[in-house]
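Residue-level listing of the chains:
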Protein chains: 2
Amino acid sequence: MSEKDTENIIKEAARKIFQKNGFDGTKTRQIAEAADINLALLNYYFRSKKKLYDIIMLETIQSFFSGLIPILSNRQTNLKQKISLLVERYIDILSANPDMANFIINELRQNPKDFATKIGILEIVKNSVFAHQYVQGVSGGHIPKIHPIHYLMNLTSLTVFPFVSSPMISIITGASDEMLGEIMQERKRLIPLWVESMLSVQ
Amino acid sequence: MSEKDTENIIKEAARKIFQKNGFDGTKTRQIAEAADINLALLNYYFRSKKKLYDIIMLETIQSFFSGLIPILSNRQTNLKQKISLLVERYIDILSANPDMANFIINELRQNPKDFATKIGILEIVKNSVFAHQYVQGVSGGHIPKIHPIHYLMNLTSLTVFPFVSSPMISIITGASDEMLGEIMQERKRLIPLWVESMLSVQ
DNA sequence: AATTGTTTTAATCAATTGTTTTAATCAAAT
DNA sequence: ATTTGATTAAAACAATTGATTAAAACAATT
């Protein structure tokens, strides 16, 4: 009963602090204080800081990439619609979790191999209806022969980077958090149009 | 003589490790070993880890943003040319320093205020010929009334994010480092065309 | 030759930090 | 009423880590 509860309270506190400060920047006493539990209880539940971190990281990565498969493998939607759904989904996720992208990116830069095994993204993307439709678009002449890596980079860059760089954007433009939030919402509509228009350039 | 030399050897080692692992992820003994000097010497030169870190961070930020002013304030170039020069410059810088962008971004997320004071970017950008030309473009009808923040986000995203996310791109696409390097070079030409084409969308 | 600043060696300090332990308390279930 | 698992309190351990010290060696200058 209260077992599961406390476990989640600790995990919630750990998630926030880990996502904000990273593994090395997080102290176990800090987590215990934030969760308002005794330090001993943290180890009682999770054995060690590293094991707790691994759980948080895995769950974060899963919740970030989980929604990908249903969108990419949907046979009812075309390429254009899939792009819109992807952009909407990720702007929503990242708006609700401002440190999430940075957290995952930093982990990825430190442990790229661990990540690859954790998620079978390679297969997910390659075998998806999305990839199929993209290849068809290229052979059908609708998509130019720009390397697909550019396409992937552009889509992820336009969607994710504004969240990663938001403190810099804030400083340079002086925009408030609310203002930036509205801008992000606008981008749900704009990014699909932009990546579409970029395809006709080479 | 050997004074300046050793100082720079330590700084070089510190720069690499700090940029890769961050402040908390870096140990002074690690820097000393990498610089092949005694731990005592590190404190002899820089007094403390934090002071050394601050120097590295300041120099990194300066070298990253220093080239901005001459490009943005050049009266001989038009807006289009400035974009090309910016993109070229930053792809060159980031190609040579793969961890640089991530390093600055993480610092910015932790200490946004310190950053603002360190560099007068606000003034640099606002008073630049660039800003002037952008405003003229808007009033002249060449640039639509999309919020300029979008423009800033798009330019920085397309240019910087591929370097930040390169490990993920590697895993997903299976592309080699050389391949990604070539892709980045291609983007010097493509990004200016893309941001141009995006302006005609709304 | 003497001086001066640089560097090493080795040891140590004090604080932090992840983890463990022990005893006690509390709440719920049996 | 007793047992059981959850939780706290307090202390302590061992390892890490940033920083300091003292003495000696070294290199270049004067």
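Look a little higher up for the structure.
Notes on the structure in this doc start here.

Rules used throughout
- Residues numbered from 1 in each chain as written.
- Chains lettered and ligands numbered in written order.
- Predicted model: local features only at pLDDT ≥ 70, side-chain atom pairs only at ≥ 80, totals over all residues.
- Helix = DSSP H or I, 4+ residues; strand = E, 2+ residues; numbered from the N terminus.
- Buried ≥ 20, exposed ≤ 12 C-beta atoms within 10 Å, placed from the backbone.
- Contact = placed C-beta atoms within 7 Å.
- Core = buried A, V, L, I, M, F, W, Y, C linked by C-beta atoms within 7 Å.
- Bend = angle between axes of the 7 residues up to and from the residue.
- Least-squares fit on C-alpha atoms with pLDDT ≥ 70 in both.
- Near = placed C-beta within 6 Å.
- Nonpolar A, V, L, I, M, F, W, Y, C, P; charged D, E, K, R; others polar.
- Axes fitted to C-alpha atoms, helices over the stretch in contact; angles between N-to-C directions.
- Left-handed = near helix turned anticlockwise from the far one by under 90°.
- Expected span 1.5 Å × (residues − 1).
- Parallel < 35°, antiparallel > 145°, perpendicular 65-115°, else oblique.

### Describing the overall build of chain A
Tallying secondary structure elements over chain A gives 13 helices and zero strands in all. The helix and strand sequence of chain A, counted from the amino end, reads α-α-α-α-α-α-α-α-α-α-α-α-α. Within chain A, the fraction of its 202 residues that count as buried is 28%. The contacts of chain A with a sequence gap of at least 6 include a subset with a gap of at least 24, amounting to 67%.

### Concerning the nonpolar core
Ranked by internal contacts, the top residues of the largest apolar core, which has 71 residues, are A:Ala101, A:Val160, A:Val164, B:Ala101, B:Val160 and B:Val164. Dropping the residues within four chain positions of it, A:Val160 is found in contact with A:Tyr90, A:Leu94, A:Ala101 and B:Phe161.

### A few points about helix H13 (residues 177-198) of chain B
B:Lys188 marks the point of greatest bend in H13(B), at about 45 degrees, and the proline B:Pro192 comes within the next four residues. Among all positions in H13(B), only B:Arg187, B:Ile191, B:Pro192, B:Trp194 and B:Met198 are buried. Those residues of H13(B) hidden inside the fold are in contact with helix H13 (177-198) of chain A together with helix H6 (79-96) and helix H11 (148-164) of chain B.

### A closer look at the relation of the copies chain A and chain B
It takes a turn of 180 degrees to lay chain A on chain B, together with a shift of 0.0 Å along the axis; the resulting RMSD is 0.0 Å. Both copies are brought into coincidence by an operation consistent with a two-fold rotation axis.

### Regarding the protein's contact with DNA strand D
If you check the shell around DNA strand D, you find 17 residues, and the closest are A:Thr6, B:Thr28, B:Ala40, B:Ser48 and B:Lys49. For the surface near DNA strand D, the secondary-structure elements that each account for two or more residues are helix H1 (2-21) and helix H3 (39-46) of chain A together with helix H2 (28-35), helix H3 (39-46) and helix H4 (49-65) of chain B. Here the residues of the surface near DNA strand D sort into six nonpolar, six polar and five charged.

### A word on the interface of chain A and chain B
Listed as interface residues are 41 residues of chain A and, on the opposing side, 42 residues of chain B. Put simply, the parts of the chain that give the side of chain A that touches chain B at least two residues each are helix H7 (100-110), helix H8 (112-118), helix H9 (121-126), helix H11 (148-164), helix H12 (166-173) and H13 of chain A. A per-element tally of the side of chain A that touches chain B places H11(A) first, with 12 residues. Grouping the amino acids of the side of chain A that touches chain B by side-chain chemistry returns 28 nonpolar, 11 polar and two charged.

### Observations concerning the environment of A:His150
Counting through the fold element by element, A:His150 comes out in helix H11. Using a count of 20 C-beta atoms within 10 Å as the deciding quantity, one classes A:His150 as buried. Expressed as a C-alpha distance, the spacing of A:His150 and A:Leu199, which sit 49 residues apart in the sequence, is 9.9 Å. Excluding residues that lie within four positions of it along the chain, A:His150 makes contacts with B:Ile183 and B:Leu190.

### Side note on the packing of helix H4 (residues 49-65) of chain A against H7(A)
Residue and element names in this part refer to chain A. Viewed as axis vectors pointing N to C, H4 and H7 meet at an angle of 115 degrees, and their least axial separation amounts to 11 Å. Relative to H7, H4 is oriented so that their crossing is left-handed. Facing H4, whose interface residues are Met57, Thr60, Ile61 and Phe64, H7 presents Met100, Phe103, Ile104 and Glu107. Residues of the contact of H4 with H7, tallied by class, amount to six nonpolar, one polar and one charged.

### Some words on H11(A)
Residue and element names in this part refer to chain A. With 17 residues, H11 extends 23 Å between its outermost C-alpha atoms, agreeing within 8% with the 24 Å of an ideal straight helix rising 1.5 Å per residue. Along H11, 12 of the 17 residues are buried, which leaves the element largely enclosed by surrounding structure. Listed in full, the buried residues belonging to H11 are His150, Met153, Asn154, Thr156, Ser157, Leu158, Thr159, Val160, Phe161, Pro162, Phe163 and Val164.

### Concerning unusual backbone geometry
Residue and element names in this part refer to chain A. The backbone phi angle of Arg47 is positive, close to 70 degrees, even though this residue is not glycine. As for its position among the elements, Arg47 is in the loop between H3 and H4. Its 10 C-beta neighbours within 10 Å are what place Arg47 among the exposed residues.

### A look at the packing of H6(B) against H13(B)
All names here are of chain B. Orientation of H6 relative to H13, taken along the N-to-C sense of each, is 160 degrees, at an axis distance of 9 Å. Considered as vectors, H6 and H13 are oriented roughly antiparallel to each other. Between H6 and H13 the crossing geometry is right-handed. The segment H6 lies against H13, with Lys80, Ile83, Ser84, Val87, Glu88, Ile91 and Ser95 engaging Gly181, Met184, Arg187, Lys188, Ile191, Pro192 and Val195. When grouped by side-chain class, the residues that make up the contact of H6 with H13 number seven nonpolar, three polar and four charged.

Geometric values such as these leave the question of function open.
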